[in-house]
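Report on the structure
Residue-level listing of the chains:
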Amino acid sequence: MIIDLDEIINAVEFVSASHVFDNEAYINRKSGDIIYIGDLIDEPAPSDLNEAGKYLQIPTKRALDLGKRLALDFTALNMPDKSGYILSVFSRSGAYERFKTLLDNRGQTDNWYAYENNKIKVAVIDWCKANSINYT
């Protein structure tokens, strides 16, 4: 079984929106199909979803350590003068909104998305390797 890496990345994005929606995604280890489960998905979950070893749950960005740490690392690399500020921002609610405002004000938004996309890709590749998932 070989799965398109972009499909896995899309599934990570889908499950990472679970703070708004109750989203989950799984890879069928035999077929390579990705099963989506969530509030906006009309299809029911497969009846064999809990069958041991048949499905692998797709991780969230947070589970891949792509949350706060990623924003702090980006800031240290690209706006080191704001590292202390961003560290304090992430100790309160609404952190991503303030982080994105800073990115806009500093003209770093495109750089952030390129950095984030690259780090997501690397993390998903590492996750695939750790779980013996072949990808293209």
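Everything that follows concerns the structure shown earlier in this document.
One structure accompanies this document, and this report is about it. (Residues numbered from 1 in each chain as written. Predicted model: local features only at pLDDT ≥ 70, side-chain atom pairs only at ≥ 80, totals over all residues. Heavy atoms only, no water.)

Time to look at the nonpolar core. Judged by nonpolar contacts, the single largest core of 35 residues is most densely connected at Ile 8, Ile 58, Phe 90, Phe 99, Trp 112, Val 124 and Trp 127. Among the secondary structure elements, those contributing two or more residues to this core are α1 (5–16), β2 (24–28), α2 (68–78), α3 (83–89), α4 (95–106) and α5 (109–130). At 8 residues, the largest contribution of residues to this core is made by α5. (Core = buried A, V, L, I, M, F, W, Y, C linked by side-chain atoms within 4.5 Å. Buried < 20%, exposed > 50% of the residue type's maximum accessible area, 1.4 Å probe, protein only. Helix = DSSP H or I, 4+ residues; strand = E, 2+ residues; numbered from the N terminus.)

On to the packing of α1 against α5. Two elements in contact, α1 and α5, have axes whose closest approach is 10 Å; the angle formed by their N-to-C orientations is 105 degrees. The pairing of α1 with α5 is recorded here as roughly perpendicular in orientation. Facing α1, whose interface residues are Leu 5, Ile 8, Ile 9, Val 12 and Glu 13, α5 presents Ile 120, Lys 121, Val 124, Ile 125, Trp 127 and Cys 128. Class assignment of the residues belonging to the contact of α1 with α5 gives a composition of 9 nonpolar, no polar and 2 charged. (Axes fitted to C-alpha atoms, helices over the stretch in contact; angles between N-to-C directions. Parallel < 35°, antiparallel > 145°, perpendicular 65-115°, else oblique. Contact = heavy atoms within 4.5 Å. Nonpolar A, V, L, I, M, F, W, Y, C, P; charged D, E, K, R; others polar.)

Position of Leu 49 relative to the elements: it lies in the loop between β3 (34–37) and β4 (55–57). The spacing of Leu 49 and Tyr 26 is 23 residues in sequence and 8.6 Å in space, taken between C-alpha atoms.

Purely spatial values, then, with no claim about function.
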